[in-house]
Amino acid sequence: MSVARVTEITASSNKSFQDAIEQGIERASKTLKNVEGAWIQDQKIVVENGKIVAYRVNMKVTFILTD
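Description of the structure in this document.

What counts and what doesn't
- Residues numbered from 1 in each chain as written.
- Predicted model: local features only at pLDDT ≥ 70, side-chain atom pairs only at ≥ 80, totals over all residues.
- Heavy atoms only, no water.
- Pairing = 2+ DSSP bridges.
- Helix = DSSP H or I, 4+ residues; strand = E, 2+ residues; numbered from the N terminus.
- Axes fitted to C-alpha atoms, helices over the stretch in contact; angles between N-to-C directions.
- Contact = heavy atoms within 4.5 Å.
- Phe/Tyr/Trp six-rings, centres within 6.5 Å; stacked < 30°, edge-to-face > 60°.
- Buried < 20%, exposed > 50% of the residue type's maximum accessible area, 1.4 Å probe, protein only.

## Comments concerning the sheet that holds strand β1 (residues 4–13)
Sheet architecture is open: three strands sit in the order β1-β3-β2, paired in antiparallel fashion. The sheet is open, and its two edges are formed by β1 and β2 (35–48), each paired on a single side. Across the sheet, the mean angle separating the axes of adjacent strands is 15° when strand polarity is ignored. Here β1 pairs with strand β3 (residues 51–64) via 10 bridges, running antiparallel. Looking at the pairing, Ala 4 lines up with Ile 64 of β3. This element, helix α1 (residues 17–31), spans β1, β2 and β3 of the sheet and lies at about 40° to β3.

## Here we look at the packing of aromatic side chains
Per the counting criterion, the structure on display carries one aromatic pair. Between Phe 17 and Tyr 55, the aromatic rings sit 5.1 Å apart at their centres with planes inclined by 80°, giving edge-to-face as the arrangement. Taken as a pair, Phe 17 in helix α1 and Tyr 55 in strand β3 lie far apart in primary sequence, 38 residues in all. On the basis of relative accessibility, which here comes to 23%, the residue Phe 17 falls in the partly exposed class.

It is worth stressing that arrangement in space is one thing and function is another; only the former is reported here.
Below, the structure is given as structure tokens:
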């Protein structure tokens with residue numbers, strides 16, 4: 001039997017939503033062991049002077065707890 005935990009993180013990129021997701025998972029994996037998946041809860045953009053300057057994602061990351 002395994003037990004999982006979910007934690008919410010926000011990641012940002014100036015390239016794309018996909019890049020923000022990949023950076024968020026990569027960073028979460030450095031701190032959290034046994035990352036099993038993520039749910040992208042929300043996506044938003046930051047606009048300055050009529051141009052997109054950042055892509056942000058809020059995600060819930062699931063990881064398995066160890067003994």
